[in-house]
Amino acid sequence: MTMIASVIAIPIGLASAIYLSEYASERVRNLIKPILEVLAGVPTIVYGYFALSFITPILQFIMPNTALFKRKITAATGEEINKESVFVIRPYEKEFKTNRVSNLLVNQDLKTKYVDLHEKINDAKASLMKELKKVTKINKVEEEILSVFATQNSNIIEIIHNLENLVLGENLVEKFSNVSYKIVFDQKVIQFLATGDFKYQIRKYIEKYNDLIKNSMFLRKEFNHYHADTVQQNLANNGFFKAEHTININMNGSKQEIGSPAELEKLINEEKLKILSDTELQKIFEDIDKKISNAQLREFRDYLFENQELLVELENIHNLKRSVWISYFQKCSVLFLNLTKEYKESQDELKRIIEQANREKTEWENVIDIFNRRFHVPYTLKMSNKADSILKDEAPSIEYIFNDRTGLSESISEDLLLSVLSQGETRALYLLNIIFELECRRIQNLKTLLVVDDIADSFDYKNKYAIIEYLKELSDSDNFNIIILTHNFDFYRTVQDRINTNKFTHSCMAVKKVDSIDLINPGYKYISNPFADWKRYLNTNKAKLIASISFARNIAEHIGDDNNFNVLTSMLHWKNNSLQLRLRDIENSYKEIFKDMSALEIDDSDKLVFDLIFEVAEEIYAEQGEVGLNLENKVVLSIATRINAERYMIQRISNPTFVSEIRSNQTGKLFGKFKTDFPSEIEQIKILEKVNLMTPENIHLNSFMFEPILDLTEHHLKDLYASVNALIYTEELGSQYVAASGEEKPA
């Protein structure tokens, strides 16, 4: 792109410079040079934005098939993919509303009958409204009729039907049909007419003003002081006098030449003052002049002057409006009566259709049933305008029924409902709109690639299973292919158990590396129950042996085996007896905890447990790269890191009594004490805080909470392991740990 820009810009710029310097006349140079200087001062980003928002759309219109503007997404076969065939369900979109809902509403037979009847009525109404626009000379005819005749919940057709007897009654055409609705019922006129004794004031003002204007030097009924002011302002604003023009004013038969706006203004003001300073007129004008000084009221004043008989009708403006409209309807009586005839003939059939529509069970209601039946939330949904949504172009409306703990139910607004719901309950409401979209696609037989992106976030277990069951139904449909993305391991595993018949054959897990992410198939047995996998390899894979300690400890705690719980806890923490524990202690504990391991024999049973933990940790630390999930590697690194961190804090705190009194959460309590004793050691605190935050969840792993360890890379754990080791050597505390023999083990 830079090369293309250069090819275009350099020749044009160079040619322009040569032309201005060598060939352009002085006049052209003086004109163009300042323009170019101004353009040169405009930031280039402004030109880029101009090109993006203005030039690009023009080029797209001229060259729509140019590859530069047309992005094509193709399938493996090379065929272009229709964007409508891909639908992404994001974790949460508050504003998401499907535009396909109408496909769930239509009973085509009922709708066709309903539409046919209403088309006849609407055609008759349109003809009447068109004619009324001509008569009244206003555009918003329907709105005006509603404002005059409407009662609660009435519509224009019903109003016209109810006026039929009045229209067929007293003939008001001669009296009112020629009334100028636009002038008489202007909003400012209505406001003016609402003032005090206006009829008397208007009549007196018009009579006196006309008497005075007859004696004016140049003002007349047809050219009063308002007209004179308008002429004066227009002449001044349009530079009439600046162009050295003059005007002649007829002053009672003699002409007076005016050559400046000031002179004209003075003349008008003097004449106006003569008229308006009349004592009697001033008294009348005092109350109304401020209100009558705008164009709308001047037009109304002139209209009243020509139609003085209308003054007596202005006492009740609402009745006058009704009478005027009745006269308009009488003037258009043929079209009016045709509309009432079509309306009356259709009522019985429309009533029957609406009753049948209310009995219909729509696909829209099926969606609501799916939601109410499957999702556990403190509210239920119902459709509140079934007939209108089936028969009209009216959007379906949901009524929210909130159920409190006492068993009481109340219909509330969506805004109020959202204000009291938890995040999970709000997201469940979002899923309702997703179900609408998907059911529409199912009905339309639209082949869809469905990408489900972390939809399980913030839901409780019941609602997670409800989502999975619905996805299972979709997966059984030939119209849907589904890609499910999730950070929630329990959701991932449950999807495999309930949707994927060939467990984990079509699933992958993302393994983070330093500079990449690998997608691997974890294997069903390994990921569904890693402890069962580890038990099979206690002798052949020492990392799995060490990782299994945390599982065994949790089970010992669960069954109330305090002795084995304490032994295994000492293998995971720095305790007084930790340095004496050997692999045979693991063997003995496992035989007592697990009934299926009574014949267990662990190789090299005299080996110290801490020796094995740190040997394996060092091997893992030395490995380059990360292969597979290797949950056991992460557990080993976490155990070794925490043991070293606890040893470091215990030796720095140097308070045996405090340490001996710790009964639970040893790492957290040691860290709290360390921060209290050494508040200025910011870097050490940062490292130990990471240990306190990162390692416990990884060590105390169970079959329900894999997310923390799956999201954490070996790379991060290795960095933390090395940082803790550095703390030990920086403080010259010796080796990583002290063996039972008292001999230091090198790093």
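Summarised in this report is the structure supplied together with it. (Residues numbered from 1 in each chain as written. Predicted model: local features only at pLDDT ≥ 70, side-chain atom pairs only at ≥ 80, totals over all residues. Heavy atoms only, no water.)

1. So, the sheet that holds strand β7 (residues 448–453)
Part 1 of the argument: Taken together, the 3 strands give an open sheet; going across it, the order is β1-β7-β8, and neighbouring strands pair in parallel fashion. The open sheet is flanked by β1 (86–89) and β8 (480–485), the only strands paired with a single partner. Pairs of neighbouring strands in the sheet enclose a mean axial angle of 15 degrees, with direction left out of account.
Part 2 of the argument: Inspection of the sheet shows β7 paired to β8 by 6 bridges, in the parallel sense. Bridge assignment links L450 to a residue of β8, and that residue is I482.
Part 3 of the argument: Seen against the sheet, helix α21 (residues 423–443) touches β1, β7 and β8 and runs at an angle of roughly 165 degrees to β1. (Pairing = 2+ DSSP bridges. Helix = DSSP H or I, 4+ residues; strand = E, 2+ residues; numbered from the N terminus. Axes fitted to C-alpha atoms, helices over the stretch in contact; angles between N-to-C directions. Contact = heavy atoms within 4.5 Å.)

2. Considerations on the environment of N588
Part 1 of the argument: Mapped onto the secondary structure, N588 falls in helix α28 (residues 583–593).
Part 2 of the argument: Residue classification places N588 among the partly exposed positions, given a relative accessible area of 37%.
Part 3 of the argument: With 13 residues separating them along the chain, N588 and E601 place their C-alpha atoms 9.1 Å apart. (Buried < 20%, exposed > 50% of the residue type's maximum accessible area, 1.4 Å probe, protein only.)

3. Let's talk about a nonpolar patch on the surface
Part 1 of the argument: Nonpolar side chains collect at one region of the surface, where F50, F54, I55, I58, L59 and I62 lie side by side and expose about 520 Å² of accessible area between them.
Part 2 of the argument: Relative to the helices and strands, F54 resides in helix α3 (residues 44–62). (Patch = residues over 30% accessible without salt bridge, like charges linked within 9 Å, V, L, I, M, F, W, Y side chains within 5 Å. Areas by Shrake-Rupley, 256 points an atom, 1.4 Å probe, with all protein chains shown as cover. Salt bridge = Lys/Arg side-chain N within 4 Å of Asp/Glu carboxyl O.)

4. Looking at the pattern of salt bridges
Part 1 of the argument: A full pass over the atoms with the stated rule returns 15 salt bridges.
Part 2 of the argument: Residue K125 pairs with E142 through a salt bridge whose shortest N-O separation is 3.4 Å. Note that K125 is positioned in helix α4 (residues 108–136) and E142 in helix α5 (residues 141–149), a separation of 17 residues in sequence.
Part 3 of the argument: Of the charged contacts in the structure, one is a salt bridge between E587 and K591, with a shortest N-O distance of 3.3 Å. Taken together, the residues E587 and K591, both in helix α28 and 4 residues apart, mark about one turn of the helix.

5. Quick word on the pairing of β7
Part 1 of the argument: In this structure, β1 lies alongside β7, joined through 4 bridges in parallel fashion. Looking at the pairing, V88 lines up with V451 of β7.

6. Some details on the environment of Q256
Part 1 of the argument: Residue placement: Q256 occurs in strand β3 (residues 254–258).
Part 2 of the argument: Residue contacts for Q256: discarding those within four places in its chain leaves I247, N248, I249, M251 and L267.

7. Notes on helix α16 (residues 317–331)
Part 1 of the argument: Over its 15 residues, α16 extends 21 Å from the first C-alpha to the last, a length consistent with the 21 Å expected when each residue adds 1.5 Å.
Part 2 of the argument: Of all the residues in α16, the buried ones are L320, K321, V324, W325, I326, S327, Y328, F329 and Q330. (Expected span 1.5 Å × (residues − 1).)

8. A closer look at the side chain of T667
Part 1 of the argument: Take T667: it is sitting in helix α32 (residues 666–677).
Part 2 of the argument: Residue contacts for T667: discarding those within four places in its chain leaves H573, R642, E646, M649, V691 and N692.

9. Digging into the environment of K133
Part 1 of the argument: As for its position among the elements, K133 is in helix α4.
Part 2 of the argument: A residue is classified by how much of its surface remains accessible, and K133, at 40% relative accessible area, is partly exposed.
Part 3 of the argument: Not counting residues within four places of it along the chain, the set of residues in contact with K133 comprises I138, N139 and V141.

10. A word on helix α30 (residues 631–653)
Part 1 of the argument: With 23 residues, α30 extends 33 Å from end C-alpha to end C-alpha; this agrees with the ideal 33 Å at 1.5 Å per step.
Part 2 of the argument: The buried fraction of α30 is high, at 22 of 23 residues.
Part 3 of the argument: S654 lies just past α30 and shows a positive phi near 50 degrees.

11. Quick look at unusual backbone geometry
Part 1 of the argument: Backbone geometry at D454 places phi at a positive 55 degrees, although glycine is not the residue there.
Part 2 of the argument: Note that D454 resides in the loop between β7 and α22 (461–475).
Part 3 of the argument: Positive phi is not limited to glycine here, since N665 has a value of about 50 degrees.
Part 4 of the argument: Accessibility expressed as a relative area gives 53% for N665, which makes it exposed.

12. Thoughts on the packing of α30 against helix α35 (residues 714–730)
Part 1 of the argument: Here α30 crosses α35 at 20 degrees, and the two axes come no closer than 9 Å. If you check the angle between α30 and α35, you find them roughly parallel. With respect to the hand of their crossing, α30 and α35 are arranged in left-handed fashion. Contacts between α30 and α35 pair N633, K634, L637, S638, A640, T641, N644, A645, R647 and Y648 from the former with E714, L717, K718, L720, Y721, V724, N725, L727 and I728 from the latter. (Parallel < 35°, antiparallel > 145°, perpendicular 65-115°, else oblique. Left-handed = near helix turned anticlockwise from the far one by under 90°.)

13. Some remarks on the side chain of D454
Part 1 of the argument: In this structure D454 comes out as buried when scored by relative accessible area, which is 9%.
Part 2 of the argument: Setting aside residues no more than four positions away along its own chain, D454 makes contact with P91, L485, T486, H487 and N488.

14. Overview of the packing of aromatic side chains
Part 1 of the argument: Going through the model one piece at a time under the given rule, you end up with 15 aromatic pairs.
Part 2 of the argument: Each ring, one from W325 and one from Y328, has its centre 5.4 Å from the other, and the planes form 90 degrees; the classification is edge-to-face. Linking W325 with Y328, this pair stays in helix α16, spanning 3 residues, or about one helical turn.
Part 3 of the argument: With relative accessibility at 0%, the residue W325 sits in the buried group.
Part 4 of the argument: Take Y328: its relative accessible area is 0%, and that puts it in the buried class.
Part 5 of the argument: A centroid spacing of 6.0 Å and a plane angle of 35 degrees characterise the contact between W325 and F329, whose relative ring orientation is tilted. Here the residue W325 and the residue F329 both occupy positions in helix α16, the gap between them amounting to 4 residues, near one helical turn.
Part 6 of the argument: Among the aromatic residues, ring-to-ring pairing joins Y181, F185, W325, Y328, F329 and F336 into one connected group.
Part 7 of the argument: Across the ring face of F594, the terminal group of K535 is positioned such that the distance to the ring centre comes to 5.1 Å.
Part 8 of the argument: In this structure, K673 is placed above the aromatic ring of F658, and the distance from its NZ or CZ to the ring centre is 5.4 Å. (Phe/Tyr/Trp six-rings, centres within 6.5 Å; stacked < 30°, edge-to-face > 60°. Lys NZ or Arg CZ within 6 Å of the ring centre and 35° of its normal.)

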